[in-house]
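Per-entry structural report
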Amino acid sequence: SVISMFSNAYSDVPVDTWNTYWQWSTAQVEDYVVADDNTKMYTSLNFVGIEFLNPTIDASAMTHFHLDVYAPDGTDFKVKLVSFPPALTSGVETQDVVVDADSVPPFNGDGTWSSLDIPLSDFVLPADWDWAHVGQLVLSTTDAQLVLVDNVYWHD
């Protein structure tokens, strides 16, 4: 089973925005084609919010979060998720999952694609977390200013 947010291989669910333009974010996004494949290209990336609240994603039956990332340089890439449990008035967020050259899966900020297939068990969950109502994804880095993102999906 796959819940795709962005991929040429699957039908995608609705995503409200690929850049929330939150305060202090310097990220810019544009659609970019590489070898007839659609990607999202982030420039000036420090962090970016990706929002999918209408509707949220029910990832409760999934085991992994996947995305392919290309960066010509950089040493780390971070992924954070935000859930919006119906009983709360605001979202609750995981800690960053940090991927680098030594992590499993590794981030190759050397001009090659990194296939990041992250087990959901790698996310440190706060109290009140609800996998049935995931509504935001936050990508960040300390030094990968240019990043292409493709094949963003959940799977079991």
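For the structure, check the block above.
The present account deals with the structure reproduced in this document. Because the structure is a prediction, the values reported are computed rather than measured. Sequence order as written defines residue numbering, which begins from 1 separately in each chain. Given that this is a predicted model, residues contribute local features only at a pLDDT of at least 70 and side-chain atom pairs are listed and counted only at 80 or more, while totals for whole chains, interfaces and linings are drawn from all residues. Only hydrogens and water are set aside; all other atoms, that is, all heavy atoms of the structure, feed into the side-chain values.

Nonpolar side chains in soluble globular proteins generally cluster together in the buried interior. Nine residue types can take part in a nonpolar core, namely buried Ala, Val, Leu, Ile, Met, Phe, Trp, Tyr and Cys, and a core is a set of them joined through side-chain atoms within 4.5 Å. Three exposure classes are used, based on accessible area relative to the maximum for each residue type with a 1.4 Å probe and protein chains only: buried under 20%, partly exposed in between, and exposed over 50%. Ranked by internal contacts, the top residues of the largest apolar core, which has 39 residues, are Met5, Leu67, Phe77, Leu137 and Trp154. No other element matches the four residues that strand β11 (residues 147-155) contributes to this core. Secondary structure is summarised from DSSP: a helix means a run of H or I of at least four residues, a strand means a run of E of at least two, and numbering begins at the N terminus for each.

This next bit is on unusual backbone geometry. Note the cis peptide between asparagine 54 and proline 55, where omega equals 5 degrees. Examined against the element boundaries, proline 55 turns out to sit in the loop between β4 (47-51) and β5 (64-70). Residue valine 104 is joined to proline 105 through a cis peptide bond whose omega torsion reads 0 degrees. When you line up the elements, proline 105 lands in the loop between β8 (97-100) and β9 (113-119). A positive phi angle, near 80 degrees, is found at tryptophan 24, a position not held by glycine. Secondary-structure assignment places tryptophan 24 in the loop between β1 (2-6) and β2 (28-34). For tryptophan 24, a relative accessible area of 67% translates into the label exposed. One non-glycine residue with positive phi stands out, namely aspartate 128, at about 75 degrees.

Alignment of β2 against strand β3 (residues 37-43), held across seven bridges, turns out to be antiparallel. If you follow glutamate 30 over to β3, its bridge partner there is methionine 41. Two strands are counted as paired when DSSP detects at least two bridges linking them. Linkage of β2 to β3, two consecutive antiparallel strands, is achieved through a turn of two residues, within which alanine 35 is found at a positive phi near 50 degrees.

Further remarks concern the packing of aromatic side chains. Each aromatic ring pair is specified by the distance between its two centres and by the angle formed by the two planes. By convention, a stacked pair of Phe, Tyr or Trp rings (six-membered ring in the case of Trp) has centres within 6.5 Å and planes under 30 degrees apart, an edge-to-face pair has planes over 60 apart, and any other such pair is tilted. Scanning the model with the defined rule gives seven aromatic pairs in all. With centroids separated by 5.8 Å and ring planes inclined at 25 degrees, the aromatic side chains of phenylalanine 77 and phenylalanine 107 adopt a geometry described as stacked. Here the residue phenylalanine 77 occupies a position in strand β6 (residues 76-83), and phenylalanine 107 occupies one in the loop between β8 and β9, the gap between them amounting to 30 residues. Owing to a relative accessible area of 0%, phenylalanine 77 belongs among the buried residues under this scheme. What makes phenylalanine 107 buried here is its relative accessible area of 2%. Counting every residue linked through ring pairs, the aromatic cluster contains Phe65, Trp129, Trp131 and Trp154.

Further remarks concern the pattern of salt bridges. Salt bridge, as used here: a side-chain nitrogen of Lys or Arg that lies within 4 Å of a carboxyl oxygen of Asp or Glu. Under the definition given, this model contains two salt bridges. Notably, a salt bridge pairs aspartate 31 with lysine 40, separated by 2.6 Å at the nearest N-O pair. On the accessibility criterion, aspartate 31 (56% relative accessible area) is exposed. Assessed through its relative accessible area of 10%, lysine 40 is described here as buried. We note a salt bridge from lysine 80 to glutamate 93, for which the minimum N-O separation is 3.0 Å. You can see lysine 80 sitting in strand β6 and its partner glutamate 93 sitting in strand β7 (residues 92-93), a full 13 residues away along the chain. On the accessibility criterion, lysine 80 (16% relative accessible area) is buried.

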